[in-house]
Amino acid sequence: MGVLKIKNTFKGIFILTIFFGGQILAQDSLATVKAETGDGILLLLRKQGLHPYDYFDEFVALNIENLRDSVHLYAGRTYKIPNAKLDTVPVVAEIQKQTTEIKKVVGKEYEIFGKKHSAVVSQSERLKGAVYYLVAGHGGPDPGAMAVYGGKSIAEDEYAYDITLRLAKELLSHGATVYIIIRDPNDGIRDERILKIDHDEVAYLDKVIPLNQVARLKQRVDIINQLHSKNRGKFQRLLVTHVDSRSVGQNIDVFFYHHKNSKNGKKLAESIHKTFHKKYKKYQPNRTYTGTFGDRTGLYMVRRTDPAMAYIEIGNIRNKKDQRRILDPDNRQALAKWISEGVILDFESGEIGRIR
Ligand SMILES: [Zn+2]
């Protein structure tokens, strides 16, 4: 009940913010705002006093005609702002940033997400009882695929890691148990376009990642399988994220793979795939989403890991079109959120057959 009271206290401030916002004009019942150069959806929502991640979907649905690639604003255009729902957790989450005292009541701190993003606010208990192992591709001495953007080097592992952290945070906020297998002690979630390359990632909890490829993969497989056996009897899933792709010449965003013999892995990959398909249909009525998943039994991670798993390739860091998508922190957040929704769909449809 303490939370309810806090909300009421801040209601006044919230309304004042909108009133004095200056840029906002009334149109129907929705406020509108003109996007400035450099604005992204998250920043725009934040400026309006809304918790950006919770209004992201609604914003996109309201403004789809004025968005490039479903997620990019055009500077100078006017956008509809969703009505704030004052009785929802998101508002509490936003308020929480203003007073550390309240933070203790509703958020739990995780250092791995970095100072700015460390607080995880509970959204639901929908993933209670589920255990997730999240692996960001590459890391340590291996940067994965590399490219140059605006004269600067960018590396796959940093972007895979950022998306993985964002995904971890989403899953935690729905009550899941999450193991972040590849970890960087000093890179939290980063809201920058160019993510600095470093080589200090470790494997759960603090193992140095070997340079040799087979040794590197074996290390993470062993860690996952040990944890999997420790958590025997629980609903467990593995998600591996990469930002490279072997597909060439297609306008395909995301690929999902699973082990051909794993019914639960197939269901997980399909659930995430379905969620992406739904999002693309909703946000891009004129563009068909053609990403698909297939068997990748050749992949070491898919073959040797015990938990049911999905292997996700989020575009290709070397592809110019994909770069635009991957470098935008708003997009990384949207991708993580969509994966998390697929993961929830998978969990809520239960386990096929015996628990692995
Ligand atoms: Zn990769």
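Residues numbered from 1 in each chain as written. Predicted model: local features only at pLDDT ≥ 70, side-chain atom pairs only at ≥ 80, totals over all residues. Heavy atoms only, no water.

## Here we look at the coordination of the zinc ion
Here comes step 1: Donor atoms from the polypeptide that coordinate the zinc ion comprise His138 (NE2), Glu156 (OE), Glu156 (OE), His242 (ND1), Asp244 (OD) and Asp244 (OD), at 2.1 to 2.7 Å from the metal.
Here comes step 2: Coordination at the zinc ion is irregular, judged from the six donor atoms that bind it and the angles of 48 to 165° they form at the metal.
Here comes step 3: Donor residues binding the zinc ion come from one chain and are separated in sequence as H-x17-E-x85-H-x1-D. Separated by 104 residues along the polypeptide, His138 in the loop between β6 (130-136) and β7 (146-149) and His242 in strand β13 (residues 235-242) bring together distant segments of the chain. (Donors = N, O, S within 2.8 Å, 3.2 Å for Na, K, Ca; no water. Tetrahedral: all angles 85-135°; square planar, octahedral: opposite > 155°, others 65-115°. Helix = DSSP H or I, 4+ residues; strand = E, 2+ residues; numbered from the N terminus.)

## Side note on the sheet that holds strand β11 (residues 202-203)
Here comes step 1: Reading across from one edge, β10-β11-β12 is the order of the three strands in this open sheet, with antiparallel pairing throughout. Pairing within the sheet leaves two strands with one partner each, and these edge strands are β10 (182-183) and β12 (207-208).
Here comes step 2: As judged from the two bridges shared by β10 and β11, these two strands associate in the antiparallel manner. When the bridges of β11 are listed, Ile182 appears paired with Ala203. (Pairing = 2+ DSSP bridges.)

## Points about the packing of helix α6 (residues 156-173) against helix α11 (residues 329-348)
Here comes step 1: Contact geometry of α6 with α11 gives a least axis separation of 8 Å together with a crossing angle of 50°. When the axis of α6 is compared with that of α11, the two are oblique. When the axes of α6 and α11 are compared, the crossing they make is right-handed. In this structure, α6 uses Tyr159, Asp162, Ile163, Arg166, Leu167, Glu170 and Leu171 to contact α11, whose residues at the interface are Pro329, Arg332, Gln333, Leu335, Ala336, Lys337, Ile339, Ser340 and Val343. (Axes fitted to C-alpha atoms, helices over the stretch in contact; angles between N-to-C directions. Parallel < 35°, antiparallel > 145°, perpendicular 65-115°, else oblique. Left-handed = near helix turned anticlockwise from the far one by under 90°. Contact = heavy atoms within 4.5 Å.)

## A word on helix α10 (residues 320-327)
Here comes step 1: Those residues of α10 that fall on the buried side of the exposure criterion are Asp322, Gln323, Arg325, Ile326 and Leu327.
Here comes step 2: Where α10 begins, the side chain of Asn319 points an oxygen toward the backbone nitrogen of Lys321, at a separation of 2.8 Å. (Buried < 20%, exposed > 50% of the residue type's maximum accessible area, 1.4 Å probe, protein only. Polar contact = N/O pair within 3.5 Å; in protein donor to acceptor, adjacent residues only side chain to side chain.)

## As for the confidence of the model for the chain
Here comes step 1: The share of residues in the chain with pLDDT of 70 or more is 79%, and the mean pLDDT across the chain is 82.
Here comes step 2: Confidence drops under a pLDDT of 50 for residues 1-28, and excluding neighbours within four residues, the segment shows 33 contacts in the predicted structure.
Here comes step 3: Considering only residues more than four positions removed or in separate chains, one finds that residues 87-96, a stretch of pLDDT under 50, has 28 contacts. (pLDDT = per-residue confidence, 0-100.)

## Points about the layout of surface pockets
Here comes step 1: In this structure, the second largest pocket spans a volume of roughly 410 Å³.
Here comes step 2: The wall of the second largest pocket is formed by 21 residues, among which Gly38, Asp39, Gly40, Asp328 and Asp330 lie closest to the centre.
Here comes step 3: Contributions of two or more residues to the lining of the second largest pocket are made by α2 (41-47) and α11.
Here comes step 4: Broken down by element, the residue count for the lining of the second largest pocket peaks at four residues, all from α2.
Here comes step 5: The residue inventory of the lining of the second largest pocket, partitioned by class, reads eight nonpolar, four polar and nine charged. (1 Å grid on protein atoms, 1.4 Å probe; cavity = no way out; pocket = protein on both sides within 12 Å on 5 of 7 lines; lining within 4 Å. Points joined across faces, edges and corners; volume = space filled by probe spheres on them. Nonpolar A, V, L, I, M, F, W, Y, C, P; charged D, E, K, R; others polar.)

## Remarks on the pattern of salt bridges
Here comes step 1: A full pass over the atoms with the stated rule returns 20 salt bridges.
Here comes step 2: One salt bridge connects Arg190 with Asp187, and the closest N-O pair in it is separated by 3.4 Å. Across this residue pair, the class does not change: Arg190 and Asp187 are buried.
Here comes step 3: Between Lys279 and Glu341 there is a salt bridge whose closest N-O contact spans 2.9 Å. Within this pair, whereas Lys279 is found in helix α8 (residues 263-283), its partner Glu341 is found in helix α11, the two being separated by 62 residues in sequence.
Here comes step 4: For Lys279, a relative accessible area of 5% gives the class buried.
Here comes step 5: A cluster of three or more residues bridged by salt bridges with shared partners is formed by Lys116, Asp162, Arg166, Asp191 and Arg332. (Salt bridge = Lys/Arg side-chain N within 4 Å of Asp/Glu carboxyl O.)

## Considering the nonpolar core
Within soluble globular proteins, side chains that are nonpolar generally end up buried alongside one another.
Here comes step 1: Judged by nonpolar contacts, the single largest core of 68 residues is most densely connected at Phe59, Phe113, Tyr132, Leu171, Leu239, Ile272 and Phe276.
Here comes step 2: Top element by residues in this core is α6. It accounts for nine residues.
Here comes step 3: Excluding residues within four positions of it along the chain, Leu171 makes contact with Leu127, Tyr132, Leu134, Ala176, Val178, Ser340 and Val343.
Here comes step 4: If you look at the next biggest cluster of nonpolar residues, it comprises 23 residues, including Ala203, Leu238, Val240 and Val302. (Core = buried A, V, L, I, M, F, W, Y, C linked by side-chain atoms within 4.5 Å.)

## A few points about the environment of Val60
Here comes step 1: By the secondary structure assignment, Val60 is in helix α3 (residues 52-63).
Here comes step 2: As a C-alpha pair, Val60 and Ser70 span 10 residues in sequence and 6.8 Å in three-dimensional space.
Here comes step 3: What Val60 contacts, discounting residues up to four positions off in sequence, is Ile41, Leu67, Ser70 and Tyr283.

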